[in-house]
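# Structure assessment
Listed here are the chains, written in short residue letters.
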Amino acid sequence: MEALRNTLAGIDARADTPFFIGGDWQAGSGGPMLEVVAPHSEEVLMRYPEATREDVDRAVAAARRAFDEGPWPRMEPAERGAALKRVATLLRDRMPELAEAWTGQVGAVIGFTRKASGQVPGLFDFYGDMAADYAFVEHRTRSSGGKVRVVGEPVGVCAAITPWNAPLVLLCYKVAAALAAGCTIVAKPSPETPVDSHILAECIAAAGLPEGVFNMVPGGREIGDHLVRHPGIDKVSFTGSTGAGKAIAGACAERLARVSLELGGKSAAIVMDDADLGAVLPSLVPYSMPITGQVCFSLTRVLVPRARQDEVMDAYVEAVRRVRVGDPFDDGVQMGPLSLSRQRDRVEGYVARGRAEGARLVTGGGRPAEHNRGFFFEPTVFADVTPDMTIAREEIFGPVVSFIAYDTESDMVAKANATDYGLHGAVYSADPERAYAVARQVRTGSLTINGMVVDIEMPFGGFKQSGLGREGGIEGLENYLETKTIYFA
Ligand code: NAD
């Protein structure tokens, strides 16, 4: 934890000025003190004051000025792109801190965060290049002969509101794309995980982005609500739970503020009758419970042909029982704790509900005896789950997987779609084109055939109640553009 200790010491050294507003570290206006807790040890890593409404107002005013009067939206996109690439370089220099901040605050294992933190500079490089290459102005001709320019203009001042499970990656999906588009930003990270957004703000300042382009005010739900309803905000870009997403969409509707939503999931791993188990397990085991199951696209429902249910489940359960649960900073540990004490309560509630509704608990289901500190929970598998059960329908956000048997191919597709969510999914078959035909019938924003891929360079987002809009890829940039049509009469 040495890199994280250094980061925390740096943040502590400017404890009187915890918010990044208008290009400066600024004092707060007396919000209540919050704690950042390491979930594996329950150690308090940091104390800081929550942003108040007044702090949010100052951040919005700074972002507003930067958008209405500052150079950022007016400069050549390639120039913005070069600035984003400078941010990427600075972030890359701090990779050990990014990985440790993620592991320390969330409990995601260090082997994973070392790799996955690469997405943070990766997003700034990707959207930095795209700013230079994207056709912001398209020349068209009317059939009657008149010339037209169709212009992609930045949508304005954006609120970026993010959850705690992958704090900086999820924030940077928004920040890198919105900045490439020419927007300015007020980021409200989750109150439980502010550390890495300090690193981001430091890198943005060091890269010389104009003042007010990026502002950062961590706080909870009430502060988020104030930000969402702020008349100075043109667009809200939200990642979090479906319940909060609905509340935010409702608030935005009142003034037709633009909104995009990345919400919960209940993704299915569809094992077809011809699938080779050896090809299924290497992706199914890690991606059914990544970050202790606290990832929106986790494959939490495993759909298996009834005739192969025992074979698939036995192999999966054997692999899950071998997963090493422990201190997420130990190399070789494969699963850390749940991130929050209240998250463990939530998971325990769902496990009790599963049992009460008649699902068969095959493994796990409780707190591991060997850990008396930290919010640990055993990898848990239920069998004989039917689509009407709560554990098959609701997002648990923990290491709990449900096996659901199907009889025919149409039953398989119907069960895959028997959820209000539609985020991701996997289809396993010996014949990739057969799997593709199934993928086309599943109502989700993305799927992987014979594995698990989510790539920042490709669009990601939800059908149904998993969200609205897309992040990643070109679509992620276009999320932050308004279309303007200029006719030459
Ligand atoms: P949450 O919805 O409770 O909170 C997310 C963020 O929104 C936090 O910063 C919180 O302070 C803020 N917030 C909550 N209610 C708000 C409101 N009414 N107005 C404004 N801000 C509000 O979610 P969480 O528990 O932090 O995160 C877990 C959820 O996030 C899961 O449902 C998960 O699936 C989802 N998630 C989705 C994606 C995706 O890309 N689709 C990625 C990661 C997590």
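Above: the structure in question.
Now for a description of the structure that goes with this document. On a predicted model such as this, the values are computed, not experimentally measured, just so you know. (Residues numbered from 1 in each chain as written. Predicted model: local features only at pLDDT ≥ 70, side-chain atom pairs only at ≥ 80, totals over all residues. Heavy atoms only, no water.)

## Structural notes on the sheet that holds strand S17 (residues 425-428)
Strands sit in the order S14-S15-S16-S13-S12-S17-S18 across an open sheet of seven strands; the sheet is mixed. The sheet is open, and its two edges are formed by strand S14 (360-363) and strand S18 (448-449), each paired on a single side. Bridging between S14 and strand S15 (residues 380-383) involves three bridges; their strand directions are antiparallel. Its bridge partner lying in S15, Thr363 is registered against Val381. Most of the contacts of helix H11 (residues 277-288) go to strand S13 (residues 299-305), to which it runs at about 150 degrees, and overall it touches strand S12 (267-271), S13, strand S16 (400-406) and S17. (Pairing = 2+ DSSP bridges. Helix = DSSP H or I, 4+ residues; strand = E, 2+ residues; numbered from the N terminus. Contact = heavy atoms within 4.5 Å. Axes fitted to C-alpha atoms, helices over the stretch in contact; angles between N-to-C directions.)

## Topic: the site of the ligand
What surrounds the ligand is a group of 29 residues, the closest being Thr162, Lys188, Ser241, Leu263 and Glu395. Within the contact set of the ligand, an oxygen atom lies 2.9 Å away from a side-chain nitrogen or oxygen of Trp164. Glu395 is positioned such that a nitrogen or oxygen atom in its side chain is 2.5 Å from an oxygen atom of the ligand. Against a free-state accessible area of 850 Å², the protein chains account for coverage of 93% of the ligand. Of all the elements, helix H9 (residues 221-229) adds the most residues to the shell around the ligand, at four residues. A breakdown of the residues in the shell around the ligand according to their chemical character gives 14 nonpolar, 10 polar and five charged. In this structure, the shell around the ligand is formed jointly by two domains, domain 1 (2-263 + 467-488) and domain 2 (268-456), each of which donates at least three residues. (Near = heavy atom within 4 Å. Polar contact = N/O pair within 3.5 Å; in protein donor to acceptor, adjacent residues only side chain to side chain. Areas by Shrake-Rupley, 256 points an atom, 1.4 Å probe, with all protein chains shown as cover. Nonpolar A, V, L, I, M, F, W, Y, C, P; charged D, E, K, R; others polar. Domains from an automatic or database assignment.)

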